[in-house]
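Chain residues, written in single-letter form:
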Amino acid sequence: MNKRTDGGDHGFARALGAVSGLALAGVLTKLSVTALEPTNSGYAGIGIMFAALGFGVPLFLLTLCITIYLACKGALHGRWVALMWLPFLVSLAILPVAEFFGAREREAYAGKHPDVREVHVNLTGRDLRLDPAIGPQPEMEGAYPDRFLELRREPVAHRDDHMAAYRGVLPAAELNSMTVIYGPKDQGEAVSVPVAIAPTPADLAPFLPEPGSAMAKLLVHYYYHYPDRVDVASTIDWDLGNNPQYDNGKPASGVVIHNLSNETIVRLEVNGQLVPFYHGLQPLRADYCTVNSYSAVLQPGAKLRVRWQGAQSAPKWNDASPAVPTFRKPVAGGGSVTSSAVHLFFYPDGRLRVQRSRSFTTASGGGVGVSVALPAFDSMPVCGDAAEQYPPTLARNAD
């Protein structure tokens, strides 16, 4: 009598295959769930990899060998294949499926809580730290108000930071207080301080971005920490983009700072717009001729109002409304202006002089023109006037 080959006498092999297949699926499921835990570190990932090699590979090989054995004996039926391998296939899908839905969830969360750029300036005279929910940040020493803290708030990475300070990429209207920590790290005092949000200047308002737009990447929020409050002012750093332009195609005007005063400038507004810089602007010297250039939305022919503060605890405002010179002659050779800038010369005692410059192109090449200064210079500034900020090889257009 011939032996039956329908698998009736291979019960042990079938049972062993089912157990090994389910054990394999159980191991992979456990490892996948462990890998998805948000508290896992890089060392946990290494442990998971070794566990997969130590337990998963032998179980996989055992299940595979039993499957081949049963197939050769004609004892492998569909229900046994499903029992041995379907749980394994399902366990393999855990990580890809979780990553798919996790990416969708992160995308949705980021849409409501986008990354934002912040710059914090400590003018309190005390050592200062921010809410740990933002992420690890260095202490801002009160003795160095010219050292700014630049950070990017990433709520997707730091879920404890619920970004209550923002609605989209702009400060929330109801933001009226924030918690800061004064003193050493282990002995700090958490204090809730009032917040004042600076109004948006009319010239800047049309360019405030929507979340997810290219312009949103140029938005920067400044937090000025004073002893009794925090001022929040938002601005667009046009120079962060490769081609900072308005909607009408005209480039943003340059604002060039010549600090000839006796103190470092930490806050500067031109026509209500905050000028974005990331460290205090030190006074110029013969051995330190670093003249900084920025950009702002300045309407042609508009008057100027300039306000600034120095690097000290609770600094006072300096305020000036200087006359703006005009170019008395057109560009030579019928050329076209490609950029323009306002040069601000800050002197001790709050004195301020203004000079303008413009670069242009003509059929014969490029050039630069500068206006007279108002009021006129008593003597040439230590690092030169506006003309000195351009390469000497450029043609000059006398005004």
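Residues numbered from 1 in each chain as written. Predicted model: local features only at pLDDT ≥ 70, side-chain atom pairs only at ≥ 80, totals over all residues. Heavy atoms only, no water.

1. Examining the overall build of the chain
For step 1, the next point in the chain: Helix and strand counts for the chain stand at four helices and 19 strands.
For step 2, the next point in the chain: Relative to its 399 residues, the chain shows a buried fraction of 42%.
For step 3, the next point in the chain: Counted over contacts in the chain with a minimum sequence separation of 6, partners at least 24 positions apart contribute 64%.
For step 4, the next point in the chain: Total accessible area on the chain stands at roughly 21100 Å², and carbon and sulfur atoms take up 58% of it. (Helix = DSSP H or I, 4+ residues; strand = E, 2+ residues; numbered from the N terminus. Buried < 20%, exposed > 50% of the residue type's maximum accessible area, 1.4 Å probe, protein only. Contact = heavy atoms within 4.5 Å. Areas by Shrake-Rupley, 256 points an atom, 1.4 Å probe, with all protein chains shown as cover.)

2. Some points on a nonpolar patch on the surface
For step 1, the next point in the chain: A contiguous nonpolar surface patch, about 380 Å² in accessible area, is contributed by V57, F60, L61, L64 and I68.
For step 2, the next point in the chain: With respect to the secondary-structure elements, L61 resides in helix α2 (residues 42-72). (Patch = residues over 30% accessible without salt bridge, like charges linked within 9 Å, V, L, I, M, F, W, Y side chains within 5 Å. Salt bridge = Lys/Arg side-chain N within 4 Å of Asp/Glu carboxyl O.)

3. Details of the nonpolar core
For step 1, the next point in the chain: Among the nonpolar cores identified, the biggest contains 31 residues, and I257, L268, F277, W308, L344 and F346 are the most heavily contacted of them.
For step 2, the next point in the chain: Among the elements of the structure, β1 (116-122), β8 (219-225), β10 (253-259), β11 (265-270), β13 (292-296), β14 (306-310), β16 (336-346) and β17 (352-362) are those that each provide at least two residues to this core.
For step 3, the next point in the chain: It is β11 that contributes the most residues to this core, four residues altogether.
For step 4, the next point in the chain: Residues in contact with I257, not counting those within four places in the same chain, are L268, L281, V291, N292, Y294, L344 and F346.
For step 5, the next point in the chain: Ranked by size, the runner-up nonpolar core spans 18 residues in total, among them L151, V180, Y223 and V232. (Core = buried A, V, L, I, M, F, W, Y, C linked by side-chain atoms within 4.5 Å.)

4. Digging into the state of the cysteines
For step 1, the next point in the chain: Counting across every chain of the model gives one disulfide.
For step 2, the next point in the chain: Paired through a disulfide, C289 and C383 show a sulfur-sulfur distance of 2.1 Å. Between C289 and C383, the disulfide has an S-S torsion of -85 degrees and is therefore left-handed. With C289 in the loop between β12 (273-274) and β13 and C383 in the loop between β18 (365-370) and β19 (395-397), this residue pair connects regions lying 94 residues apart in the sequence.
For step 3, the next point in the chain: Residue class for C289 comes out partly exposed when judged on its relative accessible area of 42%.
For step 4, the next point in the chain: With relative accessibility at 11%, the residue C383 sits in the buried group. (Disulfide = S-S within 2.5 Å.)

5. As for the sheet that holds strand β15 (residues 318-320)
For step 1, the next point in the chain: The four strands are arranged β12-β11-β14-β15 in an open sheet whose pairing can be described as antiparallel. On the outer flanks of this sheet lie β12 and β15, each paired with one strand and no other. (Pairing = 2+ DSSP bridges.)

6. Let's talk about the pairing of strand β9 (residues 230-236)
For step 1, the next point in the chain: Within β9, six of the seven residues are buried, leaving the element largely enclosed by the surrounding structure.
For step 2, the next point in the chain: For strand β7 (residues 189-197) and β9, the ladder comprises three bridges, and the chain directions are parallel. Directly across from V195, in β9, lies its bridge partner V230.
For step 3, the next point in the chain: Two elements, β8 and β9, share seven bridges in a ladder whose sense is antiparallel. Residue pairing across strands places H225 opposite V230, the latter belonging to β9.
For step 4, the next point in the chain: Where β8 hands over to β9, the hairpin turn is made up of four residues, counted between the paired strands.

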